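# Per-entry structural report
Chain residues, written in single-letter form:
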Amino acid sequence: MLVVMARTATPDLVARVCEEIEQMGLTAHPMFGTLRTAVGVTGNKQQVDSDRIANLPGVQEVIHVTRPYQLVSREFHPSDTVVDVGGVKVGSKEFTVMAGPCSVESEEQCYAVAEAVAESGVRIFRGGAFKPRSSPYTFQGLGEKGLEILAKVRERFDLRIVTEAVDTETLDMVTHYTDIIQIGARNMQNYSLLKKAGRTGKPILLKRGHSATLDELLLSAEYILAEKNPNVILCERGVRTLANHSRNTLDLSAIPFVKSSSHLPIIVDPSHGTGRREKVLPLSRASIAVGADGLMVEVHNRPDRALSDGAQSITPAMFRQLMAEMRHLAPVVDRVCP
Ligand code: PEP
Ligand code: MN
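Residues numbered from 1 in each chain as written. Chains lettered and ligands numbered in written order. Predicted model: local features only at pLDDT ≥ 70, side-chain atom pairs only at ≥ 80, totals over all residues. Heavy atoms only, no water.

## Here we look at the sheet that holds strand β1 (residues 2-5)
Pairing within the open sheet is antiparallel, and its four strands lie in the order β2-β3-β1-β4. Because the sheet does not close on itself, it has two edges, and the strands there are β2 (27-32) and β4 (59-63). Looking at each pair of strands side by side, their axes are set apart by 20° on average, direction ignored. The pairing of β2 with strand β3 (residues 37-42) spans six bridges and is antiparallel. If you follow A28 over to β3, its bridge partner there is V41. Helix α1 (residues 11-23) rests against β1, β2, β3 and β4 of the sheet, and its axis sits at about 160° to β2. (Pairing = 2+ DSSP bridges. Helix = DSSP H or I, 4+ residues; strand = E, 2+ residues; numbered from the N terminus. Axes fitted to C-alpha atoms, helices over the stretch in contact; angles between N-to-C directions. Contact = heavy atoms within 4.5 Å.)

## Re the coordination of the manganese ion (ligand 2)
At this site the manganese ion (ligand 2) is bound by C102 (SG), H272 (NE2), E298 (OE) and D309 (OD), with donor distances of 2.0 to 2.4 Å. The motif formed by the donor residues of the manganese ion (ligand 2), counted along the single chain, is C-x169-H-x25-E-x10-D. Highlighted residues: E298 in strand β14 (residues 294-298) and D309 in the loop between β14 and α11 (316-329), separated in sequence by eleven residues. Take E298 and D309: they sit in the same class, and that class is buried. (Donors = N, O, S within 2.8 Å, 3.2 Å for Na, K, Ca; no water. Buried < 20%, exposed > 50% of the residue type's maximum accessible area, 1.4 Å probe, protein only.)

## Details of the packing of helix α7 (residues 214-225) against helix α8 (residues 254-261)
One way to put it is that α7 packs onto α8 with a least axis distance of 11 Å and a crossing angle of 45°. Here α7 lies oblique to α8, going by the angle between them. Read as a crossing pair, α7 and α8 show a hand that is right-handed. Residue-level inspection shows L214, D215 and L218 of α7 in contact with α8, the latter providing A254, F257, V258 and S261. Split into classes, the residues belonging to the contact of α7 with α8 amount to five nonpolar, one polar and one charged. (Parallel < 35°, antiparallel > 145°, perpendicular 65-115°, else oblique. Left-handed = near helix turned anticlockwise from the far one by under 90°. Nonpolar A, V, L, I, M, F, W, Y, C, P; charged D, E, K, R; others polar.)

## Re the environment of L214
Mapped onto the elements, L214 comes out in helix α7. By relative accessible area, L214 is classed as buried at 13%. Taking the C-alpha atoms as reference points, L214 and E236, separated by 22 residues in sequence, lie 9.6 Å from one another. If near-sequence neighbours (up to four positions away) are discounted, L214 is found in contact with R208, A254, F257 and V258.

## Some points on the side chain of S103
Mapped onto the secondary structure, S103 falls in the loop between β7 (96-100) and α3 (107-119). There is a polar contact of 2.5 Å between the side chain of S103 and the side chain of S308. In this view, S103 contacts Q109, G128, K131, F139 and S308; residues no more than four positions away in its chain are not counted. (Polar contact = N/O pair within 3.5 Å; in protein donor to acceptor, adjacent residues only side chain to side chain.)

## Notes on the nonpolar core
Of all hydrophobic cores here, the largest spans 73 residues; its most connected members are F125, L206, L234, V297, F319 and L322. At six residues, the largest contribution of residues to this core is made by α7. Ignoring any residue separated from it by four or fewer positions in sequence, one finds L206 in contact with I183, M188, L194, L217, S220, A221, I224, V232, I233, L234 and C235. Counting 17 residues, the second-largest nonpolar core is a separate cluster that includes M1, V14, V41 and V48. (Core = buried A, V, L, I, M, F, W, Y, C linked by side-chain atoms within 4.5 Å.)

Written as structure tokens, this is what we have:
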């Protein structure tokens, strides 16, 4: 349920509405807009008796939200959310490209890739220190040593960091080092991890599960917002289908759906979405055209020697070309790309 306050409603009247909501055993989420304030209501198992609130002074309208998710919905929050990652505004007019290797392998590897992507205009560096691998016998990541390398990359190249937290046990450690906590596809419905990550208050990059519907993706984001953390960036990274010409099927139709249903920014990962490096550039072009707020791309200085996801990692030269094309296309869709 959403309580729309009158333009003239004073902060005292907003507080009175919040108090009434809390007294009903529900949670109030005041949202102060430039023109008016709205108060979201969550925690109800069934339709709330809205008369109790509708008749309070300062209340203009009470709207029953029809979607299963509330805090993430546009109905609840009509304007776009912009997630501020140390000055990089994800979801703004700027098209944000996050890039780096699949895994942090060594200082030399990260420095080589970071230097190349920073030169191409990237301000957010990706790299996994904890890797959720399908096989227990493959490279699992460097763990805390990898996080230390990422911290050095941040200092040396003035980059923000995004890295994955794979479980609640290591979440605090990851939170300490990173600017954005990545929740991977395999963990999209790990609700205890979502709640704990939400409570950190840090920006969260939430990747769509391999077989998740968009309602499920948005409901997972709802877990984070319900912890009073609005800093969520969604990521379309492909889903499993019968197609065998690519690792996953990159569902670009997700972008306009999410943009109309939710106020959260959404980026595309064409690397995991296709699994093949030659497909990363064409799908990146399509992503900016379809309205994505950015990309997450795997780049490796020696893709043939990568310890994970080498087949989908592009070289620094290919990445330079990709960024040049994004800069070229951005104005066509009324965006800017640094
Ligand atoms: C990754 O970004 O390296 C990763 C493991 O992604 P996903 O969770 O989408 O598979
Ligand atoms: Mn990867």
